[in-house]
Amino acid sequence: MIDILRSEWTKIRSVRSTVWTLAVTAVLMLGFSALTNASARGAAGGPVPGWQAIILGLTGTMLASLSMATLGVLVISSEYRTGGIRTSIMAVPRRMSLLTGKIVLFVAVSLVVCTVASAAAIGVGVAISQPPSIEMGEVARSSLGSGLYLTACGLFGLGLGTLIRHTPGAIVSAIALILVLPTMANQLPGEWGASVAAYFTTNAGLLVVSGQGNGTLGPWSGFAVYLAWVAAAVLAGAVLMQRRDA
Amino acid sequence: MTAIRAVNLHKRYAGTPAVADLSFAVEPGRVTGFLGPNGAGKSTTMRMILGLDRPSGGTALVDGRPYHELRHPLRKVGALLDAKAVHGGRSARNHLLAIAQSNGIPASRVNEVLEAVGLREVARRRVGGFSLGMSQRLGIAAALLGDPEILIFDEPVNGLDPDGILWIRRLMRKLAAEGRTVFVSSHLMSEMAQTADHLIVIGRGRLIADTSVEEFIGRSSQGYVRVRSPRLAEVAELIKAGEPDGDHLRVTAMSTLEIGTITAGAGIPLEELTFVQPSLEAAYMELTKNSLEFTS
Ligand SMILES: Nc1ncnc2c1ncn2[C@@H]1O[C@H](COP(=O)(O)OP(=O)(O)OP(=O)(O)O)[C@@H](O)[C@H]1O
Ligand SMILES: [Mg+2]
């Protein structure tokens, strides 16, 4: 497995799209934090409370989830687009080992980059809005929550990319499942509709970023529900990858 | 030890057969040409050997085992299927490095193969900008990375200039001379006649011939005499040889002189009396003419 990880590391670091999508993620996180904190400070006419500065510091998570999902899709779909997947499978014919290697490496890179970017975003926000006090434990928890959430979104993309193999199709599906459908689910009427909405992909997943429950799910149980969605996409992709001709 | 063995291989795509009951063996120490017209199933067969496509029936074995059971497959088998199937954004060096690492091949080997195929100068350039010839060389470099004893090339000379063709031909000869197994596909008989020792010919997914090149040439090197005459039936009657073929007679048992003497004696005028040189290409066309997928 270590051989496969080294190979995947070389692959992921040696294409510009990786560097670009990671840079876009970081810029989104930092930019939104700076903007929202500046405007909050302006509106409050002075320092904003610490808890608010932290939440505002992670406003970028919403859009950054899409850049990470795109990276996840590209990790696999770019190989299908170019035909490089055949070279990869010839080198590692046990396809599940190949897919596992891709997943492990992606998760490692994404967790590091996204957690650091989240912490930096909070730092920038706090520097701008200058809250009187800030709880460092809460900063750490929020950064980690945001890093985990963004990584899960990336993995969602990777699963969909494996399933669909076609870059635009997989990215559109990822946007639908991460951004569009959860918002639509919130419009569902009645109690039944509210439960569906609460469990729907990022509606559940985002709880770990804010650290607050939504009445039905807590932060961690919400994240677990989101991971189940992600796992479903990855497993479906894995089954098809194992069965289909490369 | 047989290097590659196909046993009753079948492949159907959406019900349409691409390969049907194909069995053959490829032996080490020689170049085995895999011939067949377009759409014959050569690439499909190679993909099944390499564990990329799942056979609909039968098995393909490499060194006695299914490909996916090889632990570090690239150290046993090197293959070039489609030279353009690479991520254009990567440098040649990184492309090869990623492949090497996956099979525990030392990074120093990357430089060696780049040198061997003449791409050392462009090792750091993005492969998206490579010409077809350079891509082909890169693909061959990838195949050579693990110093494998079995090499599989799918139409490696496609789109190459004469220099490139010569280079690949020499490389394949050299690899075979080193005792390696070289399995190379082509749809051109003339190309294979100059490179291969052994031929496996398929058409419409079925085996047509499995023979040494010598034997193939021997079998097809009989020329024939073409006779045309307004009184062709009488000629046939008279010389008691030859087969009618369209507007002429095809004679293999007699020389032009013999035929001419007889017909002149009988006072039959001839329109044509020609010795037709044997042609490998013609023999191959003859062999595969019933299995052409598209005839023009
Ligand atoms: N993935 C696929 N899906 C459907 N049909 C396929 C697929 N791959 C190959 N075929 C069909 O199988 C047959 C054999 O194709 P294959 O590419 O193996 O032929 P080939 O001998 O390599 O031809 P060429 O000389 O043109 O490369 C063709 O009729 C082709 O259309
Ligand atoms: Mg082909």
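Residues numbered from 1 in each chain as written. Chains lettered and ligands numbered in written order. Predicted model: local features only at pLDDT ≥ 70, side-chain atom pairs only at ≥ 80, totals over all residues. Heavy atoms only, no water.

**Let's talk about the packing of aromatic side chains**
Then, number 1: In total, this model carries seven aromatic pairs over all chains according to the counting rule given.
Then, number 2: The structure contains a cluster of three or more aromatic residues connected by ring pairs, namely Tyr 149, Phe 156 and Tyr 226 of chain A.
Then, number 3: The ring of Trp 167 of chain B carries the charged tip of Arg 137 of chain B above its face, separated from the ring centre by 4.3 Å.
Then, number 4: For the cation-ring pair, Arg 250 of chain B lies above Tyr 224 of chain B, with the distance from its terminal atom to the ring centre recorded as 3.9 Å. (Phe/Tyr/Trp six-rings, centres within 6.5 Å; stacked < 30°, edge-to-face > 60°. Lys NZ or Arg CZ within 6 Å of the ring centre and 35° of its normal.)

**So, the site of ligand 1**
All names here are of chain B.
Then, number 1: Looking at ligand 1, there are 14 residues lining it, with Gly 39, Gly 41, Lys 42, Ser 43 and Thr 44 nearest.
Then, number 2: One nitrogen or oxygen atom from the side chain of Ser 43 is found 2.7 Å from an oxygen atom belonging to ligand 1.
Then, number 3: A distance of 3.3 Å separates a nitrogen atom of ligand 1 from a polar side-chain atom of Arg 47.
Then, number 4: Taken by itself ligand 1 offers 630 Å² of open surface, and the protein chains cover 62% of this. (Near = heavy atom within 4 Å. Polar contact = N/O pair within 3.5 Å; in protein donor to acceptor, adjacent residues only side chain to side chain. Areas by Shrake-Rupley, 256 points an atom, 1.4 Å probe, with all protein chains shown as cover.)

**Observations regarding the nonpolar core**
Soluble globular proteins: nonpolar side chains tend toward being buried together.
Then, number 1: Counting 131 residues, the largest nonpolar core has Ile 152, Phe 153 and Phe 183 of chain B as its most contacted members.
Then, number 2: Considering each element in turn, this core owes the most residues, ten residues, to helix H6 (residues 95–129) of chain A.
Then, number 3: If we skip the residues at most four places from it in the chain, Phe 183 of chain B touches Ile 4, Phe 24, Val 26, Thr 32, Phe 34, Met 46, Ile 49, Leu 151, Ile 152, Phe 153 and Ile 200 of chain B.
Then, number 4: Counting eleven residues, the second largest nonpolar core, distinct from the first, contains Ala 241, Leu 249, Val 251 and Ile 268 of chain B. (Core = buried A, V, L, I, M, F, W, Y, C linked by side-chain atoms within 4.5 Å. Buried < 20%, exposed > 50% of the residue type's maximum accessible area, 1.4 Å probe, protein only. Helix = DSSP H or I, 4+ residues; strand = E, 2+ residues; numbered from the N terminus. Contact = heavy atoms within 4.5 Å.)

**Quick notes on the sheet that holds strand E4 (residues 57–62) of chain B**
Residues and elements named next belong to chain B.
Then, number 1: Ordered by their spatial adjacency, three strands build an open sheet running E2-E1-E4, and the pairing between neighbours is antiparallel. The open sheet has two edge strands, strand E2 (16–26) and E4, and neither has a second partner. Neighbour-to-neighbour, the strand axes of the sheet open up by a mean angle of 20°, direction not taken into account.
Then, number 2: Where helix H1 (residues 42–49) meets the sheet, its contacts fall on strand E1 (4–13), E2 and E4, and the angle it forms with E1 comes to roughly 115°. (Pairing = 2+ DSSP bridges. Axes fitted to C-alpha atoms, helices over the stretch in contact; angles between N-to-C directions.)

**A look at the domain arrangement of chain B**
A common way to state how big an interface is: give the accessible area lost once the parts meet.
Then, number 1: Once the domains are mapped, chain B shows domain 1 (4–219) and domain 2 (223–277).
Then, number 2: One C-alpha centre belongs to domain 1 of chain B, the other to domain 2 of chain B; they are set 47 Å apart. (Domains from an automatic or database assignment.)

**A short note on the packing of helix H3 (residues 108–117) of chain B against helix H4 (residues 132–144) of chain B**
Packed helices, taken two at a time, are described by their axes: the angle between them and the distance between them.
Residues and elements named next belong to chain B.
Then, number 1: It is at 9 Å that the axes of H3 and H4 come closest, and there the two elements cross at 135°. Taken together, H3 and H4 sit at an angle that is classed as oblique. Crossing of H3 over H4 shows right-handed handedness. Of H4, the residues touching H3 (which contributes Arg 109, Val 113 and Val 117) are Arg 137, Ile 140, Ala 141 and Leu 144.
Then, number 2: In terms of residue class, the contact of H3 with H4 is built from five nonpolar, no polar and two charged. (Parallel < 35°, antiparallel > 145°, perpendicular 65-115°, else oblique. Left-handed = near helix turned anticlockwise from the far one by under 90°. Nonpolar A, V, L, I, M, F, W, Y, C, P; charged D, E, K, R; others polar.)

**Focus: empty space enclosed by the protein**
Residue and element names in this part refer to chain A.
Then, number 1: By the definition in use, this model includes one cavity of 30 Å³ or more.
Then, number 2: What lines the largest cavity is a set of 19 residues, among which Lys 11, Glu 79, Gly 84, Thr 87 and Ser 88 lie closest to the centre.
Then, number 3: Grouping the amino acids of the lining of the largest cavity by side-chain chemistry returns seven nonpolar, eight polar and four charged. (1 Å grid on protein atoms, 1.4 Å probe; cavity = no way out; pocket = protein on both sides within 12 Å on 5 of 7 lines; lining within 4 Å. Points joined across faces, edges and corners; volume = space filled by probe spheres on them.)

**Focus on the UniProt feature "transmembrane region" (unreviewed entry) in chain A**
All names here are of chain A.
Then, number 1: Within the UniProt annotation, "transmembrane region" (unreviewed entry) is assigned to residues 54–76, 103–128, 148–180 and 223–241.
Then, number 2: What you have in residues 54–76 is 87% helix and 0% strand, and the ends, taken at the C-alpha atoms, are 34 Å apart.
Then, number 3: Annotated as residues 103–128, this span is 100% helix and 0% strand, and its ends, taken at the C-alpha atoms, are 37 Å apart. (UniProt positions renumbered as here; feature names shortened; annotations may be inferred.)

**Quick notes on the sheet that holds strand E5 (residues 77–80) of chain B**
Within a beta sheet, neighbouring strands are joined by backbone hydrogen bonds and run either parallel or antiparallel to one another.
Residue and element names in this part refer to chain B.
Then, number 1: Pairing is mixed across the open sheet formed by six strands, whose spatial order is E5-E6-E7-E3-E8-E9. The open sheet has two edge strands with one neighbour each: E5 and strand E9 (206–212). With direction set aside, neighbouring strand axes in the sheet form an average angle of 15°.
Then, number 2: Two strands pair when backbone bridges link them, and strand E3 (residues 31–35) and strand E8 (residues 198–203) are joined in this way by four bridges, in the parallel orientation.

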